[in-house]
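Here is what each chain is made of, one letter per residue.
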Amino acid sequence: MNTRIITGTGLLLALALLSQSLRLIIPLPNMVSMFLIGSLVGLCMLVAAMRYGLASGLGIAWATPVIAFMQAMLPFAPFVPLVALGNTVFVILGYLLKNQSVWLQALVCSVAKCVVLYCSFALLFVGFAVLFVGFAVPYPIGRAVLFMMSWPQIVTGTLAVAGARFLLNHSSLGGNK
């Protein structure tokens, strides 16, 4: 890996982590926080993958849920790999579809991420109830998490794809400088 890739990836990771930290700095309503932060973090992952390569995007995709857990934004440790899985699907599809239309890329990436996240969390909640008799994710938390992993993922994914494509097409990020 050359210095340009390492530096670019590091800056985008820092921007993604700063974006995640906005909820700790600025008191935003939960819905605003979810849409704003989710879109910004997704944008950073995609710009990294599309500009610096798949490994760069995946590094950010895997680091952000770990930091979200450390910030108590993901309340349980088993949530971390599930969010990383959803991010992985989003980044890989975004990278593979980078030369397709922005709308096709946005639709495929965001719907796939939504399906992976919703289904994996639903399975986790059922698995908790079956495997750990006497322990289950409390209903209000489970319901809120499943909501966040549903259609809002399509909105944030679409905004992230559109933003990444705009930045890459209208700035020096898109060129080979």
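Preceding block: the structure.
Here the structure is a predicted model, which is why all the values come from computation and not from measurement. (Residues numbered from 1 in each chain as written. Predicted model: local features only at pLDDT ≥ 70, side-chain atom pairs only at ≥ 80, totals over all residues. Heavy atoms only, no water.)

Q: Requested: an account of the overall build of the protein chain, with residues and values cited.
A: Helix and strand counts for the protein chain come out as seven helices and zero strands. Counting from the amino terminus, the protein chain carries its helices and strands in the arrangement α-α-α-α-α-α-α. Computed over C-alpha atoms, the radius of gyration of the protein chain comes to 16 Å, within 12% of the 16 Å expected from 2.2 N^0.38 for 177 residues, which places it in the range of a compact globule. Overall, the protein chain is about 55 × 35 × 30 Å in size when its C-alpha atoms are taken along their principal axes. The proportion of buried residues among the 177 residues of the protein chain is 44%. When contacts within the protein chain are restricted to residue pairs at least 6 apart in sequence, long-range pairs at least 24 apart make up 73% of them. Carbon and sulfur atoms make up 75% of the accessible area of the protein chain, which amounts to about 9,100 Å² in all. (Helix = DSSP H or I, 4+ residues; strand = E, 2+ residues; numbered from the N terminus. Rg over C-alpha atoms; globule rule 2.2 N^0.38 Å. Buried < 20%, exposed > 50% of the residue type's maximum accessible area, 1.4 Å probe, protein only. Contact = heavy atoms within 4.5 Å. Areas by Shrake-Rupley, 256 points an atom, 1.4 Å probe, with all protein chains shown as cover.)

Q: Pulling in residues and values, what's your account of the nonpolar core?
A: A general tendency of soluble globular proteins is for nonpolar side chains to be buried together. Formed by 26 residues in total, the largest nonpolar core has its most connected members in Met45 and Phe90. Elements supplying a minimum of two residues to this core: helix 1 (3–25), helix 2 (30–52), helix 3 (54–70), helix 4 (79–96), helix 5 (102–131) and helix 7 (151–169). Ranked by the residues each element gives to this core, the list is headed by helix 2, at 11 residues. Discounting residues that sit within four places of it in the chain, Phe90 has contacts with Gly42, Met45, Leu46, Cys109, Ser110, Lys113, Gly157, Ala160 and Val161. Within the second largest apolar cluster, 14 residues are counted, among which are Leu82, Phe121, Leu146 and Met149. (Core = buried A, V, L, I, M, F, W, Y, C linked by side-chain atoms within 4.5 Å.)

Q: Summarise the layout of surface pockets; cite the residues concerned and give the values.
A: In this structure, the largest pocket spans a volume of roughly 830 Å³. Around the largest pocket sit 35 residues that line it, and Arg23, Met34, Met73, Leu74 and Met148 are the ones nearest its centre. If you list the elements that add at least two residues to the lining of the largest pocket, you get helix 1, helix 2, helix 3, helix 4, helix 5, helix 6 (139–148) and helix 7. Top contributing element to the lining of the largest pocket by residue count: helix 2, with nine residues. For the lining of the largest pocket, the per-class residue count stands at 24 nonpolar, nine polar and two charged. (1 Å grid on protein atoms, 1.4 Å probe; cavity = no way out; pocket = protein on both sides within 12 Å on 5 of 7 lines; lining within 4 Å. Points joined across faces, edges and corners; volume = space filled by probe spheres on them. Nonpolar A, V, L, I, M, F, W, Y, C, P; charged D, E, K, R; others polar.)

Q: Let's hear about the state of the cysteines: which residues, and what values?
A: Going through the model one piece at a time under the given rule, you end up with zero disulfides. Of the cysteine sulfurs around Cys109, a residue in no disulfide, the closest is that of Cys114, at 13 Å. On the accessibility criterion, Cys109 (0% relative accessible area) is buried. Here Cys119 stays free of any disulfide, with the sulfur of Cys114 as its closest cysteine sulfur at 8.4 Å. Owing to a relative accessible area of 40%, Cys119 belongs among the partly exposed residues under this scheme. (Disulfide = S-S within 2.5 Å.)

Q: With reference to specific residues and values, describe the side chain of Asn87.
A: With respect to the helices and strands, the residue Asn87 is situated in helix 4. When sequence neighbours within four positions are dropped, the list of residues in contact with Asn87 reads Met45, Ala61, Thr64, Pro65 and Lys113.

Q: Any details on the environment of Tyr52? Residues and values, ideally.
A: Mapped onto the elements, Tyr52 comes out in helix 2. A relative accessible area of 15% places Tyr52 in the buried class.

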